[in-house]
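# Survey of secondary and tertiary structure
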Amino acid sequence: MLDVARARADTPGVGNVIHFNNAGSALPPRPVLDAVTGHLQREAAIGGYEAAAEAADRVADVYDAVAALIGARRDEIAFVENATRAWDMAFYAIPFRSGDRVVTARAEYASNYLAFLHMKRRVGIEIDVIDDDAAGQIDVAALDRAIGPRTRLIAITHVPTQGGLVNPAAEVGRIAARHGVLYLLDACQSVGQLAIDVGRIGCHMLSATGRKYLRGPRGTGFLYVRRDTLGALDPPFIDLEAASWVDADTYVLREDARRFENWERFVAGQIGLGVAVRYAMAVGIEAIEARVKALAARLRDELARRPGITVHDLGVEKCGIVTFRKAGEPPLETRRRLWAMNVNVTHTQARSSRLDLPARGFDALVRASVHYYNDETEIERFLRAVDATPG
């Protein structure tokens, strides 16, 4: 069983705030904090290059750690500075041609959809948006019907930014496999709170961040690219980490996923990400998932019982994100009022989900996101803060 008391004791920030913004950036555990600050201290003491050389084994451990976390091989993992850039490195590596079609979901994240529009302007791809089913998740039957001879890519977000929805990623993977179509999964908000197995999901590429549910440092992320897919992807840019300069006219790309990396990177962050992944696995991903879902379900139920509060999470499966509105109080004002009470939430806006929130009649929602180190007492305090009269 997950030891909540130990998790809280290992999290320096829990005494300062009620942190229900874990889908934004979670509070790091002490070992991650120590790993990052300790390496920065070594850089200050002996120099950056020298500190990196001294810590080479700890730097390299991120590949083994992430691979173990998601059921991959170490040569299928690239360390990237954030989830969006990891996703970009995969998407822009696909050799799209005019008339190729990208299939996505209505809840797709803004940065990803902007890349679709950019590629449409650049080479003339077409974008097929699949509607939601009755539960609010991507309609997998409609997805299956939408795939045609020019479909080049299925790209969806596992856990969208604007609610507790968990899209049926493995069902989508089976459809991608049946049609022989590339599948790119944005797992930015699912890795660390849900058990992820890339083999079971069936994705060719997956992007994720360190700062959210993995409780790692900001400025860290990773990209998974399946071994049999690497040769079909041409990195959008390369440097001396991604390739070798053989002679005046020749270069050779790395044969592994690190062809998507840069040489320069946040070394302390890479060490910290490896530590964060190992920490999560030591706690137990299945136990984390069960705890997060249970806390979120309790929060969702309690909010729904309150007069003037409406809860707006969709999907058959829900996760640690809970979205709601309080009557008569704009979401931004709710966020600010709670912040003044040392309660951290955020608000998700239509500008980050143009195809979803406006279609549901919302310009914004308050987003609370819990983690396993949060406890039931904090939920009660949070509910009292939400109930408080503004002003």
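The preceding data block contains the structure.
Since this is a predicted model, take the numbers as computed values, not measurements. (Residues numbered from 1 in each chain as written. Predicted model: local features only at pLDDT ≥ 70, side-chain atom pairs only at ≥ 80, totals over all residues. Heavy atoms only, no water.)

## Brief notes about the overall build of the protein chain
Quick reminder of the rule: Per the convention used, a helix needs a DSSP run of H or I reaching at least four residues, while a strand needs a run of E reaching at least two, with both numbered from the N terminus. With the radius of gyration taken over C-alpha atoms, the globule rule is written as 2.2 Å times the number of residues to the power 0.38. Contact criterion: two residues are considered in contact whenever any of their non-hydrogen atoms come within 4.5 Å of each other. The sign given to each residue is positive for Lys and Arg and negative for Asp and Glu; His and the chain ends receive no count. Charged groups are reduced to one reference atom each: NZ for lysine, CZ for arginine, CG for aspartic acid, CD for glutamic acid.
Within the protein chain one finds 13 helices and 17 strands. Since a compact globule built from 391 residues should have a radius of gyration of about 21 Å, the 21 Å found for the protein chain is in line with a globular shape. For the protein chain, the share of sequence-separated contacts (at least 6 apart) that also reach a separation of at least 24 residues comes to 70%. Within the protein chain, the 50 negative side-chain charges are centred at a point lying 5 Å from the centre of the 49 positive side-chain charges.

## Description of the packing of helix H11 (residues 285-304) against helix H13 (residues 376-387)
We count it as follows: Under this scheme, a helix contributes an axis fitted over its contacting stretch, all axes are lines through C-alpha atoms, and angles between N-to-C directions fall in the 0 to 180 degree range. By the definition adopted for this analysis, an angle is roughly parallel if under 35 degrees, roughly antiparallel if over 145, roughly perpendicular if from 65 to 115, and oblique otherwise. By convention the crossing between two helices is left-handed if the near helix lies anticlockwise of the far one by an angle smaller than a right angle, and right-handed if it lies clockwise. Under the scheme applied, nonpolar residues are Ala, Val, Leu, Ile, Met, Phe, Trp, Tyr, Cys and Pro; charged residues are Asp, Glu, Lys and Arg; polar residues are all the others, including Gly.
At a closest axis distance of 11 Å, the pairing of H11 and H13 adopts a crossing angle of 30°. By the angle between their directions, the pair H11 and H13 is classed as roughly parallel. Crossing angle aside, the handedness with which H11 passes H13 is right-handed. In this structure, H11 contributes Arg 291, Leu 295, Arg 298, Leu 299, Glu 302 and Leu 303 to the contact, and H13 contributes Glu 376, Ile 379, Glu 380, Phe 382, Leu 383 and Val 386. Its residues assigned to classes, the contact of H11 with H13 comprises 7 nonpolar, no polar and 5 charged.

## Section: the nonpolar core
Where we set the bar: Think of a nonpolar core as a cluster: buried Ala, Val, Leu, Ile, Met, Phe, Trp, Tyr and Cys residues, connected wherever their side-chain atoms sit within 4.5 Å. Relative accessibility thresholds used throughout: buried, under 20% of the residue-type maximum; exposed, over 50%; partly exposed, between the two (1.4 Å probe, protein chains only).
Counting 59 residues, the largest nonpolar core has Ile 70, Ile 77, Ile 154, Tyr 183, Val 191, Leu 206 and Phe 222 as its most contacted members. If you tally residues by element for this core, the top one is helix H4 (residues 56-70), at 7 residues. Filtering out sequence-adjacent residues up to four positions away, Ile 77 remains in contact with Tyr 63, Val 66, Ala 67, Ile 70, Ala 72, Phe 222, Leu 223, Tyr 224, Ala 257, Arg 258 and Glu 261. Core analysis: the next-biggest nonpolar cluster, separate from the first, contains 28 residues, Ala 90, Phe 116, Met 205 and Phe 260 among them.

## Considering the state of the cysteines
As a reminder of what qualifies: The rule for a disulfide is simple: a pair of cysteine sulfur atoms within 2.5 Å.
Within this structure, the stated rule accounts for 0 disulfides. The cysteine Cys 188 is free of any disulfide, with Cys 319 supplying the nearest cysteine sulfur at 12 Å.

## A word on the sheet that holds strand E12 (residues 309-311)
Just so we agree on the cut-off: Between any two strands, pairing holds if DSSP finds at least two bridges.
Spatially, 4 strands are ordered E12-E14-E17-E16 in an open sheet, and the strand pairing comes out antiparallel. Taken across any chain shown, the strands that pair with only one partner, and hence form the sheet edges, are E12 and strand E16 (346-349). Direction aside, the axes of adjacent strands within the sheet are offset by 40° on average. In this structure, E16 lies alongside strand E17 (residues 364-369), joined through 4 bridges in antiparallel fashion.

## Here we look at the environment of Gly 328
Within the element layout of this structure, Gly 328 appears in the loop between strand E14 (321-326) and helix H12 (331-339). Considering only alpha carbons, one finds Gly 328 and Arg 291, 37 residues apart in sequence, at a separation of 32 Å.

## Brief notes about H13
Worth spelling out the cut-off: In a helix, the anticipated span is given by 1.5 Å times the number of residues less one. In this context, the arc is that of the directions from the helix axis out to the C-beta atoms. Between N or O atoms, a polar contact is any pair within 3.5 Å; within protein, one atom must be a potential hydrogen donor and the other a potential acceptor, and residues adjacent in sequence are included only when both atoms are from side chains.
For H13, built from 12 residues, the straight-helix expectation of 16 Å at 1.5 Å per residue is met to within 8% by its first-to-last C-alpha distance of 17 Å. Within the span of H13, buried status applies to Glu 378, Ile 379, Phe 382, Leu 383, Ala 385 and Val 386. Mapping the buried residues of H13 onto a view down its axis gives an arc of 160°, with all of them on the same face. By the N-cap criterion, in which a side-chain oxygen at the helix start approaches the backbone nitrogen of a residue two or three places on, H13 is capped by Asp 375, the distance to Thr 377 being 3.3 Å.

## Topic: the packing of aromatic side chains
How two aromatic rings sit relative to each other is set out by the distance from centre to centre and by the angle between their planes. Under the convention used in this document: Only the six-membered ring of Trp is used, alongside the rings of Phe and Tyr, when aromatic pairs are assigned; centres must lie within 6.5 Å, and planes under 30 degrees apart are stacked while those over 60 apart are edge-to-face, with the rest tilted.
Evaluated as defined, the whole model comprises 10 aromatic pairs. Judged by centre distance (5.1 Å) and plane angle (45°), the rings of Phe 91 and Phe 96 are tilted. Residue Phe 91 shares its accessibility class with Phe 96, and that shared class is buried. Members of the aromatic cluster, connected to one another through ring pairs, are Trp 87, Phe 91, Tyr 92, Phe 96, Tyr 113 and Phe 116.

## Considerations on the pairing of strand E4 (residues 126-130)
Put simply, the rule is: With the strands aimed away from the viewer, a crossover counts as right-handed if its path from the first strand over the helix to the second runs clockwise.
Note that strand E3 (residues 101-105) and E4 share 5 bridges and pair parallel. If you follow Val 103 over to E4, its bridge partner there is Asp 128. Since E3 and E4 lie parallel, the crossover through helix H6 (residues 110-123) that links them has a hand, and here it is right-handed.

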